[in-house]
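An overview of the molecular structure
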Amino acid sequence: EVQLVESGGGLVQAGGSLRLSCAYSGFIFDDFAISWFRQAPGKGREMLSCIKNTDGRRDSVEGFTTSHDNAKNTVYLQMNRLKPEDTAVYYCAALLNTEGYGCWSRYEYEFGAWGQGTQVTVSS
């Protein structure tokens, strides 16, 4: 069973940076991918990044960078130049098997596992 656990959220001042972690376990295929989403109050989920396990291909929105530490089974999201509008619950989610396709701009229903989320609050 795939498990995802986010950490690293908290309170940060506008203009600051924060790095979120997504610790994962339980994948049975090596072509999985992990993405970061966020959801602000009253809004739907927004995809922020994705990274594939097999080839390391990745993408992210401006100001955010995702990376993968294979030895630690952890995917990170580095967030820079944070703004109050970035305040949201941040989730990591997994495509369990990418089947040779990319991971950017995938539909929410394609993700087979989700973490519980971590709150990020950016103060002005």
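Let's shift gears to the state of the cysteines. Counted under the stated rule, the structure contains two disulfides. Residue pairing for Cys 50: its cysteine sulfur links by disulfide to Cys 103, the two sulfurs lying 2.3 Å apart. Classification of the bridge connecting Cys 50 and Cys 103 rests on its S-S torsion, roughly 75°, and on that basis the disulfide is right-handed. You can see Cys 50 sitting in strand E5 (residues 46–52) and its partner Cys 103 sitting in the loop between strand E9 (88–95) and strand E10 (113–114), a full 53 residues away along the chain. Residues Cys 50 and Cys 103 agree in their burial class; the two are buried. For the chain, the disulfide bridges join cysteines in the arrangement 1-3, 2-4, where the cysteines are counted in sequence order.

This part takes up unusual backbone geometry. Positive phi, normally seen in glycine, also occurs at Asn 73, with a value near 50°. With relative accessibility at 36%, the residue Asn 73 sits in the partly exposed group. Notably, Glu 99 is not glycine yet its phi reads approximately 55°, a positive angle. Here Glu 99 lies in the loop between E9 and E10.

Moving on, we come to the packing of aromatic side chains. For the structure shown, the criterion picks out eight aromatic pairs. Each member of the aromatic cluster is reached from another via a ring pair, and the members are Phe 37, Tyr 91, Phe 111 and Trp 114. Taking the ring centre of Tyr 76 as reference, the NZ or CZ of Arg 19 above it sits at 4.2 Å. The aromatic ring of Tyr 91 is capped on one face by Arg 45, whose charged end is 5.3 Å from the ring centroid.

Generally speaking, a soluble globular protein has its nonpolar side chains buried in company with each other. Ranked by internal contacts, the top residues of the largest apolar core, which has 26 residues, are Leu 4, Ile 34, Trp 36, Met 79 and Tyr 90. Of all the secondary structure elements, the ones that give two or more residues to this core are strand E3 (18–25), strand E4 (33–39), E5, strand E8 (74–79), E9 and strand E11 (118–123). Ranked by size, the runner-up nonpolar core spans eight residues in total, among them Ala 33, Phe 37, Ala 93 and Leu 95.

How each quantity is defined
- Residues numbered from 1 in each chain as written.
- Predicted model: local features only at pLDDT ≥ 70, side-chain atom pairs only at ≥ 80, totals over all residues.
- Heavy atoms only, no water.
- Disulfide = S-S within 2.5 Å.
- Helix = DSSP H or I, 4+ residues; strand = E, 2+ residues; numbered from the N terminus.
- Buried < 20%, exposed > 50% of the residue type's maximum accessible area, 1.4 Å probe, protein only.
- Phe/Tyr/Trp six-rings, centres within 6.5 Å; stacked < 30°, edge-to-face > 60°.
- Lys NZ or Arg CZ within 6 Å of the ring centre and 35° of its normal.
- Core = buried A, V, L, I, M, F, W, Y, C linked by side-chain atoms within 4.5 Å.

By themselves, these observations are geometric and do not establish any function.
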